[in-house]
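Tertiary structure, described
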Amino acid sequence: MMDVKEALQFLNNVLWDEARQGYRECVGRDYVWFIDNFVAWIVMRKYDPAKAEVLERNFKSYDNYPYGFSRWCILYGDTENFTQSPKVLPDYMRYADLVALQYLYHWYKGESERAKLMYAYLMNMLVKPANFPGDAVFIEDLATRVGYKTFTDETYKWILAMGKPRPEGHTLYKLALLAMCSMRHNRFDVAKQCLETIGKFQVGNPQSELYRNGDPNLFPENPLIEKGGIKTEWWNPDYGPKPPWLETKANVETTCLCILAQTEYSEGTSIWPSVIPWLLIGTALGFGAGYAFGRKKS
Amino acid sequence: MSAPPPSVEVQPGVVLSYGRLNRIPNSSVEVGVDFPDDWYHSVSGAFWADVAHLGFKSLLLNVSDGVADWRCKAFQVLAGMDYTLQAWVKGEALRGEFFITVRWWRDLAATDFISEDNIPIPLGSYPDWKLFEETFKAPAEALAADVLFRCPTPSTGKVYADDFALLTSWLPQYRICIEQQPTPFKLTLNPVETYSNACTYIYEALQFYPLTVDLTVRAKDSASIEVFDADHERFLLPRTDFTGEQTFRVRWDGGGVFEPRTVGEIDYITLSFPFPSEKPKTLSPVEFGEVETWKYSLLAFLAGLAGGGGIGYGVRRGRTR
């Protein structure tokens, strides 16, 4: 699984822009997007409240404010400001992120039947590619291949020329969203699979066959510059050559969503909250019984 | 730019949305080898640049007290219809005149000129891409148009232009999720885009299971039709000439964009699905799972009981000693 501490260091040591008091999108891009910093704010509220305050104070100065607010606000249960997915796109059920956010909305509203259906949509999108090195699960929705089976360089030229939707491959942030929904659905087994895959996309993670030594293709001079960050997607080579527009860098949004999922998993799978009360009850009863027994013997 | 009318799900699995057709061939100027396909250029001052608003390429006018132009291949338009001309511009226009122009023609060969409309690019510096756009009405006799990026009088500057568009008003398009379709189902298609001399009739129709599609098309006179499959590696229906109305039965084996393309004047084209989908997808809700922690709780309880008992016993014994 991913190392949250390393991920936080990637955010704070590599992507933090002191001048703009926000996180840059990724290495090599100087955009400080509101949407990225909004998700980072949700993370930092737990890990670095002082930084969260800084981010919140600067929200309006970030690029594209407030785009993204009405969607990601559901991550912390804000059902009032959330724009429901059917209003975003009528056939939202084909896009894992829209479905996952809609799941969270129903879950927070206590609409369990609707949440169940959303989860079914998500589970229908879960795939286990045979050609991935090692075990992994991914989300395959409409955006993964935008309706195509395979690609050639010609296809990409055609897509660009015609302004067609571009395939995005198997994105990791959607897997993080599925992990969050899975934990709310008490499917920690699914969440675990998702987070294990995410760990394989953390740069510098010893568990990652792909990126344990960094990314020498993208950053030959400093392969570990993204150490701790989560790569954005996996492109299945069976589809054909990787699209020229996919950089596969570690960015703020993906890394933050993965931190949120991993944190929730680590806290959710901790047995102590349910065990400690029973330990105390047992101790109290045992103490009483032992005390009484000791008096009788004396 | 005006917002599209809202999308609606007209029946389960069929979403009616609105799109604007861009009539300019190779409008993003990305396709080509030495020069962009379907674009012509003056002898000097016009370049295909490796700078882009989107993609990789744009058109460049690099002139020093000179004239130059880029001109796209003429394409069909509808007389009297409103069209929005757009282009993204970057660079420095220092002296003279730079225009994005649409010219209207009485014939498809673009030999019988009617009039032109211009969007002037004011002299100045454009370090970032800037959108220029204006809406024009096609003259009553217009049958074709072409678009130019030009400096018609001696000018100086280095100006890039990219992502050209001559957009129609919002037109209805259907997006079909066929796996959810009850059959039989019939849909009349509107042309959604032109590419070279082909007209594509459906923007996006997606299904994931083998299916049989009946494609009925009627030509005003004679025309040809082909159906390109989703992965752009083969044709579901090879190019076929026909006259009048004809129905083609096409096997569609799943996954992607189903694109009938026609050449020639078409009255209508419909898709129908005469048989049920062969493997309908079911989406029964997934129940909530259960997390079992009772084993750990029982263990903790027993450990507490034993530990507490021992301590209690010891305390009592100590006090009574």
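Please read these numbers as outputs of a predicted model, since none were measured by experiment. (Residues numbered from 1 in each chain as written. Chains lettered and ligands numbered in written order. Predicted model: local features only at pLDDT ≥ 70, side-chain atom pairs only at ≥ 80, totals over all residues.)

Another point: the overall build of chain B. What chain B contains, in helices and strands, is one helix and 20 strands. Each of the 321 residues in chain B was classed as buried or not, and the buried ones make up 36%. Within chain B, residue pairs in contact and separated by at least 24 positions form 76% of the contacts whose partners lie at least 6 positions apart. (Helix = DSSP H or I, 4+ residues; strand = E, 2+ residues; numbered from the N terminus. Buried ≥ 20, exposed ≤ 12 C-beta atoms within 10 Å, placed from the backbone. Contact = placed C-beta atoms within 7 Å.)

Helices and strands together make up the secondary structure of chain A, namely 13 helices and six strands. Within chain A, the proportion of its 298 residues that are buried is 44%. Taking all contacts inside chain A whose residues are at least 6 apart in sequence as the whole, residues at least 24 apart take part in 61%.

Ranked by internal contacts, the top residues of the largest apolar core, which has 73 residues, are Leu 122, Ala 176 and Ala 179 of chain A. Looking at which element gives the most residues to this core, the answer is helix α10 (residues 172-184) of chain A, with ten residues. Among all residues touching Ala 179 of chain A, those that are not within four sequence positions of it are Ala 191, Cys 194, Leu 195, Ala 261 and Tyr 265 of chain A. Counting 42 residues, the second largest nonpolar core, distinct from the first, contains Leu 61, Ala 93, Ala 161 and Phe 164 of chain B. (Core = buried A, V, L, I, M, F, W, Y, C linked by C-beta atoms within 7 Å.)

Let's shift gears to the pairing of strand β8 (residues 99-105) of chain B. Residue and element names in this part refer to chain B. Inspection of the sheet shows β8 paired to strand β9 (residues 113-120) by seven bridges, in the antiparallel sense. By the bridge assignment for β9, Trp 104 is matched with Ser 115. As judged from the seven bridges shared by β8 and strand β11 (residues 144-167), these two strands associate in the antiparallel manner. Bridge pairing links Phe 99 to Arg 150 in β11. (Pairing = 2+ DSSP bridges.)

This part takes up the packing of α10 of chain A against helix α11 (residues 188-199) of chain A. Residues and elements named next belong to chain A. Remark: α10 packs on α11, axes separated minimally by 8 Å, with the N-to-C direction vectors making an angle of 155°. Classed by the angle they form, the pair α10 and α11 counts as roughly antiparallel. Handedness of the crossing formed by α10 with α11: left-handed. Residues Leu 172, Leu 175, Ala 176, Leu 178, Ala 179, Ser 182 and Met 183 of α10 lie in contact with α11, whose contacting residues are Phe 188, Val 190, Ala 191, Cys 194, Leu 195, Thr 197 and Ile 198. Its residues assigned to classes, the contact of α10 with α11 comprises twelve nonpolar, two polar and no charged. (Axes fitted to C-alpha atoms, helices over the stretch in contact; angles between N-to-C directions. Parallel < 35°, antiparallel > 145°, perpendicular 65-115°, else oblique. Left-handed = near helix turned anticlockwise from the far one by under 90°. Nonpolar A, V, L, I, M, F, W, Y, C, P; charged D, E, K, R; others polar.)

Omega for the bond connecting Tyr 65 of chain A with Pro 66 of chain A falls within 30 degrees of zero, at -5°, which places this linkage in the cis form. Considering the arrangement of structural elements, one finds Pro 66 of chain A in the loop between α3 (49-58) and α4 (69-72). Non-glycine residue Asp 38 of chain B carries a positive phi angle of around 65°. Tracing the chain through its elements places Asp 38 of chain B in the loop between β2 (14-19) and β3 (39-41).

Glancing now at the packing of helix α2 (residues 34-47) of chain A against helix α12 (residues 252-268) of chain A. Residue and element names in this part refer to chain A. Their axes nearest at 9 Å, the elements α2 and α12 cross at an angle of 30°. Considering their axes alone, α2 and α12 lie roughly parallel with respect to each other. Read as a crossing pair, α2 and α12 show a hand that is left-handed. Two secondary-structure elements touch here, α2 through Ile 35, Asp 36, Val 39, Ala 40, Ile 42, Val 43 and Lys 46 and α12 through Val 252, Glu 253, Cys 256, Leu 257, Ile 259, Leu 260 and Thr 263. Here the residues of the contact of α2 with α12 are counted per class, giving ten nonpolar, one polar and three charged.

Counting along an α-helix, one turn takes 3.6 residues, and residues three or four places apart therefore face a common direction. The end-to-end C-alpha distance of α11 of chain A, which contains twelve residues, comes to 16 Å, matching closely the 16 Å that a straight helix rising 1.5 Å per residue would cover. Summarising the contacts, the buried residues of α11 of chain A are in contact with β4 (138-139), α10 and α12 of chain A. (Expected span 1.5 Å × (residues − 1).)

This paragraph deals with the environment of Gly 240 of chain A. Residues and elements named next belong to chain A. With respect to the helices and strands, Gly 240 occurs in the loop between β6 (233-234) and α12. Residues Gly 240 and Lys 149, spaced 91 residues apart in sequence, show a C-alpha to C-alpha distance of 9.2 Å. Gly 240 has contacts with Thr 150, Phe 151 and Thr 152, leaving out every residue within four places of it along the chain.

So, on to the confidence of the model for chain B. All names here are of chain B. Here chain B shows a mean pLDDT of 80. Residues at 70 or above account for 78%. The low-confidence segment residues 193-198 (pLDDT under 50) makes 16 contacts with residues lying over four places distant or belonging to another chain. Every residue in residues 202-209 is under pLDDT 50, and counting partners more than four places away or in other chains gives 33 contacts. We note a pTM of 0.61 for the whole complex and an ipTM of 0.72 for its interfaces. (pLDDT = per-residue confidence, 0-100.)

What follows is about the environment of Cys 151 of chain B. Residues and elements named next belong to chain B. Mapped onto the elements of the fold, Cys 151 is located in strand β11. Residue Cys 151 is classed as buried on the basis of its C-beta count, with 25 C-beta atoms lying within 10 Å. Taking the C-alpha atoms as reference points, Cys 151 and Ala 68, 83 residues apart in sequence, are found 5.6 Å from one another. With near-sequence residues (within four places) excluded, Cys 151 lies in contact with Leu 61, Val 63, Val 67, Ala 68, Gly 96, Glu 97 and Phe 98.

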